[in-house]
Amino acid sequence: RACRRDLCAEPADAMLLHLPLIVGCAWTHRTLPIRTHAVSRSATAVADGASNAATRAAVRMAATTSDAIIPKSVLFGNPEYASPIISPDGKLLAYLRPDEGVLNVWCRTVGASDDRVITKDRYRGIRQAFWAEDSKTLLYMQDDGGDENFHLWGIDATTPSSAARDLTPFPGAKAQNVVTNKRFPDQLLVGINKRDPTQFDMYRCTLATGELTLDTENPGGVLGWGTEDESFEVREAIVMNPADSSTTVRVRDSAGDEWRDLVTFPYGEEGNMVEFARDGKSVLALSTLGRETQALVRLDATTGAELETIAYDPKSNTAGILLDDDTKEVRAVSFNYARTERRFFDKELEADFRALEAAAPGGAEVSIASRTRDEQTWIVAFRRDDGPTEYAVYDKEAGGTVSPLFVSQPALLEYKFAKMEDVRITARDGLELVAYLTRADSDAPTPLVLLVHGGPWARDGWGFNAMSQWMANRGYAVLQVNYRGSSGYGKSFLHKGDKQWGVGDMQHDLSDAVAWAVKEGIAHEDRVCIFGGSYGGYATLAGMTFTPELYACGVDIVGPSNIKTLLDSIPPYWGPLRNDMLLKIGDVDNDADFNQKISPLFHVDKIRAPLLIGQGANDPRVKQAEADQIAFSMAAKRIPVEYVLYPDEGHGFARPANRIDFNGRTEEFLAKHLGGRAEAFEPPEGATATFPLETRSFEYEPAQVVY
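Residues numbered from 1 in each chain as written. Predicted model: local features only at pLDDT ≥ 70, side-chain atom pairs only at ≥ 80, totals over all residues. Heavy atoms only, no water.

Let us look at helix α4 (residues 347-359). Helix length check: α4 (13 residues) gives 19 Å between terminal C-alpha atoms against 18 Å at 1.5 Å per residue, within 8%. Here α4 has its buried residues at Leu349, Asp352, Phe353 and Leu356. Each buried residue of α4 sits inside an arc of 95° when the element is viewed along its axis, so together they form one side. Counted as exposed and oriented over 90 degrees from the buried face of α4: Lys347 and Ala358. Between the side-chain oxygen at the start of α4 and the backbone nitrogen of glutamate 348 there is a gap of 2.9 Å, and the oxygen is on aspartate 346. (Helix = DSSP H or I, 4+ residues; strand = E, 2+ residues; numbered from the N terminus. Expected span 1.5 Å × (residues − 1). Buried < 20%, exposed > 50% of the residue type's maximum accessible area, 1.4 Å probe, protein only. Arc of directions from axis to C-beta. Polar contact = N/O pair within 3.5 Å; in protein donor to acceptor, adjacent residues only side chain to side chain.)

Dropping the structure here:
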């Protein structure tokens, strides 16, 4: 279902400018040399004996992680196992695992040891797969080199000679909004923008033949579709009005009936539809109307009037919902202010979770990875902050037994990792900010990496974070802040970020977080790096230009440098969202002075510290030009900048060789400017790094041409 938020799934940030960080581990431990660097930024820092990198490498009295340097290949290589999903009939278990070094879909018969690779990707890897309701067809999404024009593929997991079929074989088109239904196991629905690149129509696919037929045409402005389960008809549409950025839920009584507006959320409010009730007289929805955060409510299916508030938390939005698949009754709801909290409406389900929590490793959070149709067999995930995710099988038929399945990244078990603390920071105007702190030393201050999340309309959360653990192992504290404008904390918190990019309160929150870390004795004031991807990359550039006195260096991954050129080059299917982005960011279309005020490109002269830039040449969100223009401008002014471009990547680095390559360069950069440890760096086999600044700008060709 397009709009449901389910407790069965791991939370995912899929917001507009969010950088996907894909991490894993599947490498055998080996002893590696440690490289240390003296701090090069200031004489004061060099003279500070406690901060000398060589001293810290030898004596780490209160170290939170292993004394041994943890290899980047362990932290950022492919997982050994990932995303286990049991078939609806409970006979087959699929999961992601490397084959010839590339993530592919594997399958085994439940209760047997006949593991076999199903797909044959040999380059980019498959990162999302799921079962069709026929319990034989595995579905997965794949794009081309990070262009995000995902196609939907299907393969028969029960036939060894089966070949994968592209179910949406339309060049330049994108597939999304895939909906399956247990009552119609031979079909699925999928949104495709092949008719019009700016909008997605819904197509019905017959799995046996792959035949596609147009089911529901987009009249314009529809961002997502939903179905009614009994009929498997498209009967829900989420529409954004580009004139005022209001969002409307439209419904219809059958596929042949006219659409009608059910409820409208003006700009500044948040809401969505969750599900039709079984009797058709009401719907479940999320809504901030009349309250601060998103509550789970029941609406009249005809008038849209609110009938009941089912679950509400005054500090955080409803984060997850679990329904009975047949009755549509609410079984559990979750919230996440700093950590996941659940409220149960089903005593049996609550007992199941209590049993799983008792069986989990200490401090781990429990989530459901997948379940069989009869709900008798669950695949559960135990997620920790200081170790890899562990998967287990919960067998209700056998009396609620919990049996280990596999560890996602077993090589991580050889090392000690830091705990992640959820902390509260008070901004200069009194606003409370939730943040996550991973320390390298539990007693003494260290250099700090301010790791800024993307979105910006997304959020950071608790759990094992390979980036944070990597930096802690190298000697840096890591602070991740849910600054104003982050999602999950209600409408006021979200919209306090409106028109506050760069020189406003969103950036002030980051500055205040640095000041907090220094005051609390966590960070050395003169050795702070700002580091982020997507919006986090923009925040890095903004920090380097608008508050240059705070940072010793910065690392920008796929960050925009000119907001006007960013919005002028967004993907066509973001068209309905453009006005919403202008309301949140500010009117850079009609106010050139405002665009120059918040765009780091126009303030390059203010940069005092070295900058490292990483970019994917195929990025459809933040185009390569955003990195090119600021990198070449800095180089022309002889401001220290390093620029690494990957021709086969998009909005982030999906291929392990490229992840490890960029992180190796980052590690040396941080060690040079902050004074931490570094693993000896050799470009990994298969990495495609290019270096545009090594040519003169007028000779430079885009990486797509070079390759």
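Judged by pairing direction, the sheet is antiparallel, and its 4 strands sit side by side in the order β25-β26-β27-β28 without closing on themselves. Strand pairing shows two members of the sheet lacking a second neighbour, β25 (365-371) and β28 (401-407), which therefore form its edges. Between one strand and the next, the sheet's axes are offset by a mean angle of 30°, whatever the strand orientation. Each of β25, β26 (377-383), β27 (390-395) and β28 is contacted by α4, which is oriented at about 50° to β26, the strand it contacts most. (Pairing = 2+ DSSP bridges. Axes fitted to C-alpha atoms, helices over the stretch in contact; angles between N-to-C directions. Contact = heavy atoms within 4.5 Å.)

The description of an aromatic ring pair rests on the distance of the ring centres and on the angle between the ring planes. Counted according to the given criterion, the structure contains 23 aromatic pairs. Residues tyrosine 535 and tyrosine 538 carry aromatic rings whose centres are separated by 5.5 Å and whose planes lie at 40° to one another, so their mutual orientation is tilted. Taken as a pair, tyrosine 535 and tyrosine 538 lie in helix α8 (residues 535-546) at a separation of 3 residues, close to a single helical turn. Each member of the pair tyrosine 535 and tyrosine 538 is classed as buried. A network of ring pairs unites the aromatic residues Trp457, Tyr483, Trp501, Tyr535 and Tyr538 as a single cluster. Cation over ring: lysine 315 sits above tyrosine 337, and NZ or CZ is 4.1 Å from the ring centre. Against the face of tyrosine 123 rests arginine 655, its NZ or CZ located 4.2 Å from the ring centre. (Phe/Tyr/Trp six-rings, centres within 6.5 Å; stacked < 30°, edge-to-face > 60°. Lys NZ or Arg CZ within 6 Å of the ring centre and 35° of its normal.)

The 8 strands are arranged β29-β30-β32-β31-β33-β34-β35-β36 in an open sheet whose pairing can be described as mixed. Here the strands that pair on one side only, and so sit at the sheet edges, are β29 (420-426) and β36 (641-646). Ignoring which end each strand starts from, the neighbouring axes of this sheet average 20° apart. By the bridge criterion, 4 bridges tie strand β30 (residues 432-438) to strand β32 (residues 477-481) in an arrangement that is antiparallel.

It is at 12 Å that the axes of helix α5 (residues 466-474) and helix α13 (residues 656-674) come closest, and there the two elements cross at 35°. Handedness of the α5/α13 crossing: right-handed. Across from Met467, Trp470 and Arg474 in α5, the residues of α13 making contact are Asn663, Thr666 and Glu667. The class makeup of the residues in the contact of α5 with α13 is 2 nonpolar, 2 polar and 2 charged. (Left-handed = near helix turned anticlockwise from the far one by under 90°. Nonpolar A, V, L, I, M, F, W, Y, C, P; charged D, E, K, R; others polar.)

Below, the discussion takes up the pairing of strand β7 (residues 137-142). Most of β7 sits inside the fold, with 6 of its 6 residues counted as buried. Burial of the side chains of β7 extends over both faces: Thr137, Leu139 and Met141 are buried on one face and Leu138, Tyr140 and Gln142 on the other. Two strands pair when backbone bridges link them, and strand β6 (residues 129-131) and β7 are joined in this way by 3 bridges, in the antiparallel orientation. Counted as the bridge partner of tryptophan 131 is leucine 138 from β7. Joining the antiparallel neighbours β6 and β7 is a turn of 5 residues, in which serine 135 adopts a positive phi near 65°.

It is worth spelling out the pattern of salt bridges at this point. Using the criterion set out here, one finds 59 salt bridges in the structure. With a shortest N-O distance of 3.4 Å, lysine 72 and glutamate 667 are connected by a salt bridge. Residue lysine 72 is found in helix α3 (residues 72-76), and its partner glutamate 667 is found in helix α13; the two are separated by 595 residues along the sequence. Notably, a salt bridge pairs glutamate 230 with arginine 183, separated by 3.5 Å at the nearest N-O pair. In this pair, glutamate 230 is assigned in the loop between β14 (222-228) and β15 (233-240) and arginine 183 in the loop between β10 (175-179) and β11 (187-196), connecting sequence segments 47 residues apart. Judged by relative accessible area, glutamate 230 falls into the partly exposed class, the value being 35%. Several salt bridges share partner residues, and in doing so they unite Lys182, Arg183, Asp229, Glu230, Glu275, Arg278, Asp325, Asp326 and Lys328 into one network. (Salt bridge = Lys/Arg side-chain N within 4 Å of Asp/Glu carboxyl O.)

The next thing to look at is the pairing of strand β20 (residues 295-300). Of all 6 residues that make up β20, 5 are buried, and the element is covered over most of its length. Strand direction decides the pairing type here: β20 and strand β21 (residues 306-311), joined by 4 bridges, are antiparallel. Residue pairing for β21: arginine 298 is matched across the bridge by glutamate 308. Connecting β20 to the antiparallel partner β21 that follows it, the hairpin turn spans 5 residues, and glycine 304 within it adopts a positive phi of roughly 80°.

Let us now look at the side chain of asparagine 193. Note on placement: asparagine 193 falls in strand β11. Judged by its relative accessible area of 5%, asparagine 193 falls in the buried class. Within the local environment of asparagine 193, its side chain forms a polar contact with the backbone nitrogen of lysine 174, the two atoms lying 2.7 Å apart. Of the polar contacts made by the side chain of asparagine 193, one reaches the backbone oxygen of proline 197; its length is 3.1 Å. For asparagine 193, the residues in contact, after removing those within four places along its chain, are Ala173, Lys174, Gln199, Phe200 and Tyr573.

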